[in-house]
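The primary structure of each chain is shown beneath.
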Amino acid sequence: MNADAAYMNPSLSPEARADDLLGRMTLDEKIAQLHAFWLLLSEDGNHRTRTDGFTGVTDPEELRRMLAFGLGQITRPLGSRAIEPKAGVRALNRLQKTMLEETRLGIPVMSHEECLSGLMVRGATLFPSSLAYGATWNPDLIEAVGKAIGLEARSVGCHQGLAPVLDVARDGRWGRTEETFGEDPYLVGVLATRYVRGLQGEKRDLLATLKHYAGHSASEGARNHAPVSMGWRELNDTFLLPFEMAVKLADAGSVMPAYHDIDGEPCHASPHLLTEVLREQWGFDGIVVADYIGVSLLYKHHTT
């Protein structure tokens, strides 16, 4: 790490620092910044990957080799298991020390946690479900909830919260209905906007994540990954409206695509949704984050 490099100079603008950093990065280092690891962190630095059918397997030697290039995000460092918060923060700090001191460019890693109805960390405050949020019809209260969750998230080094859910409830069979604010697009948009304002604060130093973009709750047969079959007018008027409100009115910092496809086009690989609508029409300037294995599923579908 070169301490005299322009990207290390806090007096320069973020744009100038980013340009300098990108000019120094290899392709492998750029790819690493687009990736998140789901690790079980350890205070002694002997981190392990979560190993199961959902996340896959990465052996310790491969993990060390990959971390040498840097890392974009760490998945739920405190929320992946019931760990005492102070111990979890020490383990996260140990990973940050590795990223800062043992990689070529010294780029710190972003930490994200689930926080839909409270920060999903041991000892954190638990709030009612989002469906109960919707039943309050009280935007001020929901903004206060977001603010409380944001304070707790910042206290454990979290940079991004994977909430709120902006799916509009349409089929009671859908297993994630309780994660929604309800069935009215405008109500969903208003409450999501206020939650985002509360969580992010004026500095936007903690990013809210709008999900699942878009139409996730209208899947065929109410199955979680099933295709969504609807016209673009219904998609725009009902399912995109809350996202547009939260982007334009609350300056949401992140958006998460949904697992499904619409008319055969996966949301995770949709130029229309992710570029034309989100960035060009709405002016979104944040980061798009995959829904865990969303990109992996694109690859698996293409190769099978």
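Residues numbered from 1 in each chain as written. Predicted model: local features only at pLDDT ≥ 70, side-chain atom pairs only at ≥ 80, totals over all residues. Heavy atoms only, no water.

Enquirer: Help me out: how do you make sense of the overall build of the protein chain in this one?
Expert: A tally of regular secondary structure across the protein chain gives 10 helices and 11 strands. Scaling as 2.2 N^0.38, a compact globule of 304 residues should have a C-alpha radius of gyration of about 19 Å, and the protein chain matches this with 19 Å. In terms of overall dimensions, the protein chain has C-alpha extents of about 50 × 45 × 40 Å along its principal axes. Counting only residues that meet the buried cut, the protein chain has 46% of its 304 residues in that class. (Helix = DSSP H or I, 4+ residues; strand = E, 2+ residues; numbered from the N terminus. Rg over C-alpha atoms; globule rule 2.2 N^0.38 Å. Buried < 20%, exposed > 50% of the residue type's maximum accessible area, 1.4 Å probe, protein only.)

Enquirer: Looking at this structure, how should I read helix 4 (residues 85-101)?
Expert: The α-helix winds at 3.6 residues per turn, so residues separated by three or four positions along the chain end up facing the same way. Taking 1.5 Å of rise per residue, 17 residues should cover 24 Å, and helix 4 covers 24 Å from first to last C-alpha, within 8% of that figure. Ala87, Gly88, Ala91, Leu92, Leu95, Gln96, Thr98 and Met99 are the residues of helix 4 that are buried. Elements that come into contact with the buried residues of helix 4 comprise helix 3 (60-67), strand 4 (73-75) and strand 5 (110-113). Near the N-terminus of helix 4, the side chain that reaches the backbone nitrogen of Lys86, with its oxygen 3.1 Å away, is that of Glu84. (Expected span 1.5 Å × (residues − 1). Contact = heavy atoms within 4.5 Å. Polar contact = N/O pair within 3.5 Å; in protein donor to acceptor, adjacent residues only side chain to side chain.)

Enquirer: What exactly am I supposed to notice about the sheet that holds strand 5 here?
Expert: In a beta sheet, neighbouring strands pair by backbone hydrogen bonds and run either parallel or antiparallel. Across the sheet, which stays open at both edges, the seven strands sit in the order 1-4-5-6-7-8-11 with parallel pairing between neighbours. The two strands at the open ends of the sheet, each matched to only one other strand, are strand 1 (36-37) and strand 11 (287-288). Of the strand pairs in this sheet, strand 4 and strand 5 are connected by three bridges, and their pairing is parallel. If you follow Thr75 over to strand 5, its bridge partner there is His112. (Pairing = 2+ DSSP bridges.)

Enquirer: Any chance you could explain the environment of Gly198 here in plain terms?
Expert: Note on placement: Gly198 falls in helix 7 (residues 185-200). Residue Gly198 is classed as buried on the basis of its relative accessible area, which comes to 10%. Separated by 173 residues in the primary sequence, Gly198 and Met25 have C-alpha atoms spaced 35 Å apart. Setting aside anything within four residues of it in sequence, one finds Gly198 in contact with Glu143, Gly146 and Lys147.

Enquirer: Could you clarify how one ought to interpret empty space enclosed by the protein in this entry?
Expert: With the rule as written, the count across this model stands at one cavity of 30 Å³ or more. Each pocket or cavity is described by its volume, and for the largest cavity that value is around 60 Å³. Around the largest cavity, the lining residues are Glu29, Gln33, Ala68, Phe69, Gly70, Thr103, Arg104, Leu105, Gly106 and Ile107. When grouped by side-chain class, the residues that make up the lining of the largest cavity number four nonpolar, four polar and two charged. (1 Å grid on protein atoms, 1.4 Å probe; cavity = no way out; pocket = protein on both sides within 12 Å on 5 of 7 lines; lining within 4 Å. Points joined across faces, edges and corners; volume = space filled by probe spheres on them. Nonpolar A, V, L, I, M, F, W, Y, C, P; charged D, E, K, R; others polar.)

Enquirer: Please explain the nonpolar core as it appears in this structure.
Expert: Note on soluble globular proteins: their nonpolar side chains tend to be buried together. Among the nonpolar cores identified, the biggest contains 49 residues, and Tyr195, Leu210, Tyr213, Leu235 and Trp282 are the most heavily contacted of them. Listing elements by their share of this core, those giving two or more residues are helix 6 (139-155), helix 7, strand 7 (207-213), helix 8 (232-250) and helix 9 (271-281). Ranked by size, the runner-up nonpolar core spans 12 residues in total, among them Phe37, Leu71, Ile74 and Leu92. (Core = buried A, V, L, I, M, F, W, Y, C linked by side-chain atoms within 4.5 Å.)

Enquirer: Before we go on, may I ask you to explain unusual backbone geometry in this structure?
Expert: Where the residue is not glycine, phi is negative for most of them; where a peptide bond is considered, it is trans in most cases. The omega torsion across Lys211 and His212 is 5°, close enough to zero to call that bond cis. If you trace the backbone, His212 turns up in strand 7. Of the consecutive residues Tyr213 and Ala214, the connecting peptide bond is found in the cis state with omega at 0°. Residue placement: Ala214 occurs in the loop between strand 7 and helix 8. With a phi angle near 55°, Asp251 is a residue other than glycine that sits in the positive phi range. As for its position among the elements, Asp251 is in the loop between helix 8 and strand 8 (254-257). A positive phi angle, near 55°, is found at Asp263, a position not held by glycine.

Enquirer: Sorry if this is basic, but what is going on with the packing of helix 7 against helix 8 here?
Expert: Two quantities define a packed helix pair, namely the angle between the axes and the distance from one axis to the other. Two numbers describe how helix 7 lies on helix 8: the axes approach to 8 Å, and their chain directions differ by 30°. Relative to helix 8, the element helix 7 lies roughly parallel. Here helix 7 and helix 8 pass one another in a crossing that is right-handed. Here Pro185, Tyr186, Val188, Gly189, Val190, Thr193, Val196, Arg197 and Gln200 of helix 7 come into contact with helix 8, specifically with Asp237, Thr238, Leu241, Pro242, Met245, Ala246, Leu249 and Ala250. Counted by class, the contact of helix 7 with helix 8 contains 11 nonpolar, four polar and two charged residues. (Axes fitted to C-alpha atoms, helices over the stretch in contact; angles between N-to-C directions. Parallel < 35°, antiparallel > 145°, perpendicular 65-115°, else oblique. Left-handed = near helix turned anticlockwise from the far one by under 90°.)

Enquirer: Could you clarify how one ought to interpret the packing of helix 8 against helix 9 in this entry?
Expert: In the contact formed by helix 8 and helix 9, the axes pass within 12 Å of each other and the chain directions differ by 50°. By the criterion of interaxial angle, the relationship of helix 8 to helix 9 is oblique. Classified by chirality, the crossing of helix 9 by helix 8 is right-handed. In this structure, helix 8 contributes Trp232, Leu235, Leu240, Val247 and Lys248 to the contact, and helix 9 contributes His272, Leu273, Leu278 and Gln281. Residue composition of the contact of helix 8 with helix 9, by class: six nonpolar, two polar and one charged.

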